[in-house]
Every structure is written in C-alpha cells, then in structure tokens.
Amino acid sequence: MRESIFGFSFEPLVHYFLQKSAVSSLYENFNKYTTAINSTKNEEEEFSLSNKEVVFRNTSILSPFGELRVEPIEPRQRLNAVTGKIIGLLDANKPNGDVVMGIIQNYLSQRGVRDFISEVKPVVTRPAPDSIIKKLSKADAIVLSFADCGSCTTGLAMDQAVLEREGVPTVAVVTSFFAAHYARIAESMGTPHLPIVVVEHPLGDGATREMAQKKAEKIPRNILEALTFPANDLKEKYSARKWIELRSEL
Amino acid sequence: MKAKFRSREITFGEKERVQEVETDDEGRPIIEVEPDVENLYSKLCEIQASDGLPVIPPTKERVGRMLEHSTMDATEIIMKVPPYFYELTVEKLAINAVMAGCKPEYFPVIIAAFEAMKEDKFNLQGIITTTAVPWPAIIVSGPYAQKIGMGSGYGCLGPGYRANATIGRALTLTLITFAGCYPGFGTHSTQAWPGRYTLCFAEELEDNPWKSFNAEKGFENDTTVTVVAAKGSLSICHLRDDALGWLKVICEALAIPGTQTAYVPGVNCLVVSPVVAKRFLSDGNWTKEEIKKFVYENARLPAKLLLDHGWASARYRAWPKGSNAYDAMVPFLRSPDDLIMVVAGSPTQNYSTVVYTWGGWSEAVTKPVDISGRK
C-alpha cells in the first residue's frame, strides 16, 4: 500500500474523479503512470520479502547430532556342540556374579565342556583390560555375565563386541532394564546382533543371593542355545537388536 | 539431498526410527527451522537438540566464527564420544558451543576439556552411562580464564557468569545432543544432579596466596582445563577461628557415608575462599602439601561403620590393604595427591566447598588450553 506524505493514499480518490470526468485521455495517461510506479514498487517489495524469507523463514542450522559410521558385522559362527570345548567365562564383577556364573559353569560342565578360562573384570565400570581379552580369545566360545546397570552394561557390551570381532562366538547375560542400552552399544560397536540372554531386573545390585540364584537357574539352557544355534535361529531368538524394538513392551 | 543418520528415540519407550535430514552443498547435515524464537526452541526440544533450555541456532556464520578460534581443521576428529562412539569433529563441537551460547573466544577452553575427557583414565563412557550421578566438571586455571571473563570470585560455582554458564553447558549439550545422552537413553543416572547443567569455574589468580593449580601441574605458562567426575557439592561454613579446626570439619565433611569414595577411594576437590587460604598461611603456615596430607590422613571412617552399611557385600569395594579389618579406618583418598585444591570465591567470608566425585572409577585429567588459533 502506497502512502502519501499525508499518511494516506489519494490514489483511489483520483481514480474515481478521473473515471467520472470527461477527460478520459488524461485518465489513461494517469493510469499508465501509476501502473509503472506500482510495478517498480511491487518488484521492490517482492524482492525484499523474498530476501527476508531466505534469511528468516527458511533458516538452515547445522545439525548438532552425531552420526554412526561403522560397518556392521554378523555374529560369529556358532559351535556344533560344547562337548570337548574350552569355554571362556568373563565375570563382570557385579554382586551375585559368582552365583550366576557358578550355575552357568555347572550346567556347561555337565554338557561335557573340557575346560574353562575364568576371568573376573578388575573394574566393574570399565571394559576389561587387553590382557583379559587376550586370554579369553583363546577359548572356543565365551560367556559374559552380567550387565545390570549403566556403566557395567556399556563395559560388558564393549567387551563382547571386541571378542566377537576377535572371531570367538559369545553370549552375554543382561537384565531387562538394560537390554535396550546393551543393544545400542552393540550397534555402535558394529555388532548389532550380539547374542544376549535377558533376565528380569534386578540380578546384582538390589537382589539377594537367593533371588539371583532363582533367576539364574532359568538361563543355562538359553546360554547353550545361543552358543550352538545356527545363524538365523540365533538372530531370531537372541539378537540384542530386537530389544530396542521390544523396549516399549517392557 | 537427503542423508540418513543414526536414529534417536524421541520419547522414552518409543520405537527406533531413522531420521532423514537434508544436507547442504558440502554434504553437511542441516535442519530447517522457523525464525520465531519460540517455535525454534520448541522444534529443537522436539528433536532432542537441547538440554531443556533455549539454545542459539547454530547457523553457518556463527559456527564459522567459533571455528576461527581453533588451530585445528573443522573436519579434524577430536575423539569418539561414548556411549555410541560418534566421531566428534571440531565443527560438531563448534555447533554445540554456539547452541550453548558460547562466545567464540571460549572455544579453546571447550576443546581442551574434550582433549582431557578423551583420556582413557577419565572413563567417560562409565561416567555418562552409570546409574550413579557423576558428570564432568570443568576447573580452569590461568590467565586466559580471566581474559574471557570467567568467574572466580563471588558465587563462581553458581549462575551469573556467561563464560562459566555456557562453557559447562557446551560440554553437556555436546554429550546430550551430539552423543545422544538423553535421560534413560544414553545416560542412565538414577536422579542425576543440577551440576549436570553446567559446573565450570575459574581459579582465583590474584587473590591467591598459594601456587596456582596450573603451576602445580607443571603448566606455569599455560592456562589449564581440569575435568573431574563431580557428583555433588557441600558448602562448609567455618565457624571456629583456627585453621586446624577448619581442617577437621573439612575432613569430616569429605568422609561421609553414601559417597562413591566410601568404597572406591579416589579424587576429591576442595575449593577454599581466598580468606580461608590466607588464614591457613597466617595460622600455622599450612602449605597446600601439608593440608593434602592432613586430609588424606584424617578424612576416614571406621570400617565397621561402612561394613554395617553394606559395603561388605559389594564386590567392587576397593579399599587399600589393611582397611578391611573390622576395627580399621577407611581412607577416602588413595594418597594426598588425590585432593585437588583450588582457591575460588568471594574475598569476604570463611567458606569452603567440597566437590564429591565418582571416586577411583575416574581420574581427574588436566590439559593446557591452546590459544594460538585465536585471532
């Protein structure tokens, strides 16, 4: 809207009088003149408006998010059977860890395991030191137990990923509340289908030895399955990945 | 152009989804936002690009100005940030620093903080994913802190200083927005603590009778950044009129049940006001070393008390040999050097602050600030 120095436009008034008057040629000229002015004004207005749109309406900001750049690998080939094999046992050093690992070890030795390499993590909140990873990677398969809190879940998932990358089939025990977190760490380490056996939380902190024993007695058969299942069945039943989707149902 | 990046859960319990974003001409992911501040804030909260407080939109221009204060290339990788080990480039850090409200000249301090946190002994993946409380706190020591307006005097552990507020916040925002540490998602702290928004302050340089902390660490000519896994603080009011009396109270305040250091002894921080520091010198000529030794020897609790509290059953108890006997005294520090002592606070009053930590599960790390890229 164009405005005169008086604060409002005379234009409609002029239009009205010129149209009504007999001097139509004058009106035509005036019309041409105002159209010319209008078109320049409009172009200017449009230009400044579109400029504003670029600056304000379509503001682009740089994404602050991290991006995952790791090539995922499939789980390692499982064993045909545990009979005659050497099984590595990595205890995460949580309270009741000895109870849970004891039950697993007992079950596996009844299934004919030849020998065990038993290691306990020195610091529960960190990944295992290289020396322990080196000892364990000599085993035919490895059981990691267990993850039931924040930092120990992170550390244990990192350990399992490293051991799978070393080429050893593994399985880990994780409590229900931390399965989704475990799965995300697994995915970030490039091993999205790390096999895990999930136990109802709690198992270590906040659980008595009797509670832990009762829960642990239910899992040895699953541990054996996760170490011996063919690839497709393994993913179907034990992949950590599915716990991200299952989380909302917990 | 469209690019896919690692999904983020928008609300707790929602299923995973891969979010697609546009990229600019150089292939950098960008997000379209509205200019209106309120809508912009809502949008950034919605896509989890905020700590809950409003942020400054990281436009290319603002990020560019931040990058001018670094000697490093924008694409250079500083570290892989847990829990998901995304590669943190200098540019991504600058983006988060802009969002936090940092001035470009703060950027070298933030880079130094990440250089410090990447040390394995700091155990960053443990700190941010634990069900406990810790979060990296930043202590800056040296002339550059004063140059950029960091607070080391009145109320320096609290609000009111842009540099303190936004440098600490830049660290938190990077961990939340960039690294994905949303509560219950990337970070599992049971209750967390307010220091997670920001805990960043400078050491008092002029009104400080002792050797400054950067000099103590061997960086006399540099400004240093020290990161500590802080989990709470307690302000101590010194009512008695003698230095020894004050020290006894400090020891008792430091050695309390329920802290991580009760079962995993380690680093603790002691912030003393300039008046307190001077009083230590005038009343008995206490040096820093003597105070550290005193605190190491006296910040202890009886083993029988802690064993009654249940630390006996915890497999991760890391007491030194000899402390496990029922009638022994358990130290909260592993050695005198575990006490980080800095002078900060107003010049008027007899107050100290103990900053509790995650104990022996994380070591404090000190790094010099590289200001050579500053224009």
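Everything that follows concerns the structure shown earlier in this document.
What comes next concerns the included structure.

Some details on the overall build of chain A
Here is step 1 of the chain: Along its length, chain A carries 10 helices and 6 strands.
Here is step 2 of the chain: Evaluated residue by residue, chain A yields a buried proportion of 48% over its 250 residues.
Here is step 3 of the chain: Partitioning the intrachain contacts of chain A with sequence separation of at least 6 by distance along the chain shows that 77% fall at a separation of at least 24.
Here is step 4 of the chain: A total accessible area of about 12600 Å² is found for chain A, and carbon and sulfur atoms account for 54% of it.

Some remarks on the side chain of Thr170(A)
Residues and elements named next belong to chain A.
Here is step 1 of the chain: Counting through the fold element by element, Thr170 comes out in strand β5 (residues 170-175).
Here is step 2 of the chain: With relative accessibility at 0%, the residue Thr170 sits in the buried group.
Here is step 3 of the chain: Within the local environment of Thr170, its side chain forms a polar contact with the side chain of Gln160, the two groups lying 3.0 Å apart.
Here is step 4 of the chain: Within the local environment of Thr170, its side chain forms a polar contact with the side chain of Glu164, the two groups lying 2.7 Å apart.
Here is step 5 of the chain: With sequence-adjacent residues up to four places away left out, Thr170 is seen in contact with Arg78, Ile142, Leu144, Gln160, Leu163, Glu164, Pro195 and Leu227.

Here's the deal with the pattern of salt bridges
Residue and element names in this part refer to chain B.
Here is step 1 of the chain: All told, the structure shown has 26 salt bridges over all chains when counted by the stated rule.
Here is step 2 of the chain: Arg28 is the salt-bridge partner of Glu91, the closest N and O atoms lying 2.4 Å from each other. Within this pair, whereas Glu91 is found in helix α3 (residues 90-100), its partner Arg28 is found in the loop between β2 (19-23) and β3 (29-33), the two being separated by 63 residues in sequence.
Here is step 3 of the chain: Residues Asp241 and Arg279 are paired through a salt bridge, measuring 3.8 Å at the closest nitrogen-oxygen approach. Of this pair, Asp241 sits in the loop between β8 (224-237) and α9 (243-254) while Arg279 is found in helix α10 (residues 274-282), placing the two residues 38 residues apart along the sequence.

What about the environment of Asp159(A)?
Here is step 1 of the chain: Within the secondary structure layout, Asp159(A) lies in helix α5 (residues 150-165).
Here is step 2 of the chain: Once the C-alpha coordinates of Asp159(A) and Ala172(A) are considered, the two residues, 13 residues apart in sequence, prove to be 9.9 Å apart.

Observations regarding the interface of chain B and chain A
Often the size quoted for an interface is simply the accessible area lost on bringing the parts together.
Here is step 1 of the chain: On the side of chain A, 45 residues touch chain B, which itself brings 55 residues to the contact.
Here is step 2 of the chain: Of the roughly 4300 Å² buried between chain B and chain A on both sides combined, carbon and sulfur atoms contribute 58%.
Here is step 3 of the chain: Taken together, chain B and chain A are joined by 1 salt bridge.
Here is step 4 of the chain: Among the salt bridges present, the one from Lys92(B) reaches Glu67(A), with a minimum N-O distance of 2.9 Å.
Here is step 5 of the chain: Elements that contribute at least two residues to the side of chain B that touches chain A include exactly β3, α2 (60-67), β5 (86-89), α3, α5 (124-129) and α7 (162-178) of chain B.
Here is step 6 of the chain: The residue makeup of the side of chain B that touches chain A, split by class, is 24 nonpolar, 15 polar and 16 charged.

Some remarks on the sheet that holds strand β6 (residues 196-199) of chain A
Residue and element names in this part refer to chain A.
Here is step 1 of the chain: Pairing in this open sheet of 5 strands is parallel, and the strands run β3-β2-β4-β5-β6 from one edge to the other. With one partner strand each, in any of the chains shown, β3 (115-120) and β6 form the two edges of the open sheet. Averaged over all neighbouring strand pairs, the angle between strand axes comes to 15°, with direction disregarded.
Here is step 2 of the chain: When β5 meets β6, the two strands line up parallel, connected through 4 bridges.

Considerations on α2(B)
Here is step 1 of the chain: All of the buried residues in α2(B) are Val63(B), Met66(B) and Leu67(B). The arc that holds the buried residues of α2(B), viewed along the axis, is 100°, so those residues lie on one side.
Here is step 2 of the chain: Considering only its buried residues, α2(B) is in contact with β1 (59-62) of chain A together with α3 and α4 (107-117) of chain B.

Thoughts on the pairing of β3(B)
Here is step 1 of the chain: Of all 5 residues in β3(B), 4 are buried; the element is thus mostly enclosed.
Here is step 2 of the chain: When β1(A) meets β3(B), the two strands line up antiparallel, connected through 4 bridges. Counted as the bridge partner of Thr59(A) is Val33(B) from β3(B).

What counts, and where the lines are drawn
- Residues numbered from 1 in each chain as written.
- Chains lettered and ligands numbered in written order.
- Predicted model: local features only at pLDDT ≥ 70, side-chain atom pairs only at ≥ 80, totals over all residues.
- Heavy atoms only, no water.
- Helix = DSSP H or I, 4+ residues; strand = E, 2+ residues; numbered from the N terminus.
- Buried < 20%, exposed > 50% of the residue type's maximum accessible area, 1.4 Å probe, protein only.
- Contact = heavy atoms within 4.5 Å.
- Areas by Shrake-Rupley, 256 points an atom, 1.4 Å probe, with all protein chains shown as cover.
- Polar contact = N/O pair within 3.5 Å; in protein donor to acceptor, adjacent residues only side chain to side chain.
- Salt bridge = Lys/Arg side-chain N within 4 Å of Asp/Glu carboxyl O.
- Buried area = accessible area lost by both parts, 1.4 Å probe.
- Nonpolar A, V, L, I, M, F, W, Y, C, P; charged D, E, K, R; others polar.
- Pairing = 2+ DSSP bridges.
- Axes fitted to C-alpha atoms, helices over the stretch in contact; angles between N-to-C directions.
- Arc of directions from axis to C-beta.

Function-wise, these values are silent; they only describe arrangement.
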